[in-house]
Amino acid sequence: MTQHPSILSVGRALPSNFVDQETLIAALSAYWGAKHFNVERLADLHRAARVGGRHLALPLAEYAGLDSFRKCNDAFIRVGAEVGEAAVRDGLRRAGLDVRDVDHLFFVTVTGISTPSLDAKLANRLGLKPSIKRTPIFGLGCQAGASGIARASDVLRAYPGEVAVMLSVELCSLTLQREDASVTNVIATGLFGDGAAAAVLAGGERPPVAGAPRILATRSVFYPDTEWVMGWDVVDTGFKVVLSAKVPQVIEANIGRDVDAFLAAHGLTRAAIRHWVAHTGGPKVLEAFRRALELPEAVLARSWASLRDVGNLSSASVLFVLGEVLDSGEPRPGDLGLLAAMGPGFSAELVLLRW
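Since the structure is predicted, the reported quantities are computational estimates derived from the model, not experimental observations. (Residues numbered from 1 in each chain as written. Predicted model: local features only at pLDDT ≥ 70, side-chain atom pairs only at ≥ 80, totals over all residues. Heavy atoms only, no water.)

Another aspect to go through is the pattern of salt bridges. Overall, the coordinates contain 24 salt bridges when judged by the stated rule. As a salt-bridge pair, Asp74 and Arg70 come within 3.8 Å of each other at their nearest N and O atoms. Taken together, the positions of Asp74 and Arg70, both in helix α3 (residues 69–95) and four residues apart, correspond to about one turn of that helix. For Glu252, the salt bridge is made with Arg291, and the minimal N-O distance between the two is 2.9 Å. Note that Glu252 is positioned in helix α7 (residues 247–264) and Arg291 in helix α8 (residues 283–293), a separation of 39 residues in sequence. Connected through salt bridges with shared partners, the residues Arg12, Asp90, Arg93, Arg94, Glu324 and Asp327 form a single ionic network. (Salt bridge = Lys/Arg side-chain N within 4 Å of Asp/Glu carboxyl O. Helix = DSSP H or I, 4+ residues; strand = E, 2+ residues; numbered from the N terminus.)

To continue, consider the packing of helix α2 (residues 39–48) against helix α6 (residues 183–191). Across the interface, α2 lies against α6 with an axial gap of 8 Å and an inter-helix angle of 50 degrees. For the element pair α2 / α6, the angle class is oblique. In this structure, α2 meets α6 at a crossing whose hand is right-handed. Residues Leu42, Leu45 and His46 of α2 form the contact with α6, whose own contacting residues are Val183, Val186, Ile187, Thr189 and Gly190. Here the residues of the contact of α2 with α6 are counted per class, giving five nonpolar, three polar and no charged. (Axes fitted to C-alpha atoms, helices over the stretch in contact; angles between N-to-C directions. Parallel < 35°, antiparallel > 145°, perpendicular 65-115°, else oblique. Left-handed = near helix turned anticlockwise from the far one by under 90°. Contact = heavy atoms within 4.5 Å. Nonpolar A, V, L, I, M, F, W, Y, C, P; charged D, E, K, R; others polar.)

Let us look at the pairing of strand β10 (residues 238–243). For strand β9 (residues 230–235) and β10, the ladder comprises six bridges, and the chain directions are antiparallel. The residue bridging Trp232 from the neighbouring strand is Val241, located in β10. Taking the residues between adjacent antiparallel strands as the criterion, β9 and β10 are bridged by two residues. (Pairing = 2+ DSSP bridges.)

So, about the side chain of His275. Here His275 shows up in strand β11 (residues 275–278). With relative accessibility at 11%, the residue His275 sits in the buried group. Excluding its chain neighbours within four sequence positions, the residues that come into contact with His275 are Glu330, Pro331, Asp335, Leu336, Gly337, Leu338 and Trp355. (Buried < 20%, exposed > 50% of the residue type's maximum accessible area, 1.4 Å probe, protein only.)

A word on the nonpolar core. Counting residues in hydrophobic clusters, the biggest one holds 43 residues, and the most contacted among them are Ile251, Ile255, Val259, Trp276, Phe289 and Phe346. Of all elements in the fold, only α6, β8 (214–222), α7, β11, α8, α9 (301–310), β12 (336–343) and β13 (347–354) reach the threshold of two or more residues within this core. Every residue in contact with Ile255, bar those within four places of it in the chain, is listed here: Tyr223, Phe289, Ala292, Leu293, Met342, Ala348 and Leu350. Membership of the second largest hydrophobic core comes to 41 residues, among which are Leu24, Leu58, Val88 and Leu92. (Core = buried A, V, L, I, M, F, W, Y, C linked by side-chain atoms within 4.5 Å.)

Time to look at the UniProt feature "domain: Chalcone/stilbene synthase C-terminal" (unreviewed entry) in the protein. Cross-referencing UniProt, the feature "domain: Chalcone/stilbene synthase C-terminal" (unreviewed entry) maps to residues 220–354 in the present numbering. End C-alpha to end C-alpha, residues 220–354 measures 19 Å, and it is 38% helix and 26% strand. (UniProt positions renumbered as here; feature names shortened; annotations may be inferred.)

Helix length check: helix α5 (residues 144–158) (15 residues) gives 21 Å between terminal C-alpha atoms against 21 Å at 1.5 Å per residue, within 8%. Taken together, the buried positions of α5 are Ala144, Gly145, Ala146, Ser147, Gly148, Ile149, Ala150, Ala152, Ser153 and Leu156. (Expected span 1.5 Å × (residues − 1).)

So, about the state of the cysteines. For the structure on display, the rule yields zero disulfides. No disulfide involves Cys72; its nearest neighbouring cysteine sulfur is the one of Cys172, lying 13 Å away. Classification of Cys172 by relative accessible area gives buried; the value is 8%. (Disulfide = S-S within 2.5 Å.)

This part is about unusual backbone geometry. With omega at 0 degrees, the peptide bond leading from Thr115 into Pro116 counts as cis. Its place among the elements puts Pro116 in the loop between β4 (104–109) and α4 (118–126). Note that the residue after Gly345, namely Phe346, is joined by a cis bond; omega there is -15 degrees. When you line up the elements, Phe346 lands in the loop between β12 and β13. One non-glycine residue, Arg50, lies in positive phi territory at about 60 degrees. Secondary-structure assignment places Arg50 in the loop between α2 and β3 (53–56).

This part takes up the packing of aromatic side chains. Per the counting criterion, the structure on display carries four aromatic pairs. For the pair Phe69 and Phe239, a centre-to-centre distance of 5.4 Å together with 70 degrees between the ring planes defines the contact as edge-to-face. A residue pair is termed long-range when its members are at least 10 positions apart, and Phe69 in helix α3 and Phe239 in strand β10 qualify at 170 residues. Considering the side-chain rings of Trp232 and Phe239, the 5.3 Å spacing of their centres and the 20 degrees angle between planes classify their relative orientation as stacked. Members of the aromatic cluster, joined through ring pairs, are Phe69, Phe138, Trp232 and Phe239. (Phe/Tyr/Trp six-rings, centres within 6.5 Å; stacked < 30°, edge-to-face > 60°.)

The relative placement of two packed helices comes down to the angle between their axes together with the axis-to-axis distance. Close contact between α9 and helix α10 (residues 317–328) brings their axes to 9 Å; oriented N to C, the two are set at 120 degrees. One finds that α9 runs oblique with respect to α10. The element α9 and its partner α10 pack so that their crossing is right-handed. Mapping the contact onto sequence places Arg302, Ser303 and Ser306 in α9 and Phe320, Val321, Glu324, Val325 and Ser328 in α10. Residues that form the contact of α9 with α10 fall into these classes: three nonpolar, three polar and two charged.

If you want it as structure tokens, here you go:
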């Protein structure tokens, strides 16, 4: 009988321009302070994000020149191709595979656009085979790392002898709306960072790999009439963040019930899950997730550490946390894990793993 698809590795790449949070607070305070924004409030909001620093697509001094959507998006295409390539190569190296082994390339993002999509440019840069099957996905936001893994696993169930790479590239800093001094935009500038992650998946007919979890099942959950919770307003200067203060409330009201229903469908309860891989949405989101599921604080330690070290990387965040779990060597054969992320829609994606 064919086995379930597995996750062989997670490659990661960060831009080289790391800036600590206090330096970012000073730079934004100098800019928005001249426009009479309460800079003390800005500092409080940024520090409350519990982010120590972030990697930026460009050197900090170059952001002043990004005065149009075109310039921001051109930077997304250029830098996105660089970090995307690095993440895929890192993932394939960790998995012991070559670029010619890849049959499917899934690509998710919410921070830039291009036609052909960035995965086509990467097919050329990486030297993928001409028969590569590409699936670009735009608009799922923070949820897309989990959703991309789920959709890739769906395809590998139909093609169990093949290999898929699920790549996330998010350059959130390039969406900065410099003229928007709203609290929502200020919070976003204190929370989101830049990075790329590539999960390498193998179909169930390929040889098993030690330490590679199987994807037992996935579940998508859509919450009707909640488009207002999170997303973008597309304005003349690019992507303007939509981020309701009620995001944690929506999560806390729903995620416990939905996780329980998903696990029950497979004869499981929360107590069976040894490894929780949660998207690093921010302090309030992580706390809402923990409270809804009645989890000990230590269970989400890797998510908190990732938030501190690199910020919220949108769809790449949950992949960074998954990569840390795989690298740790802590999971033992038979352990169960749950990967979870939420995003615009409003919706959630749940992925059940077994080592």
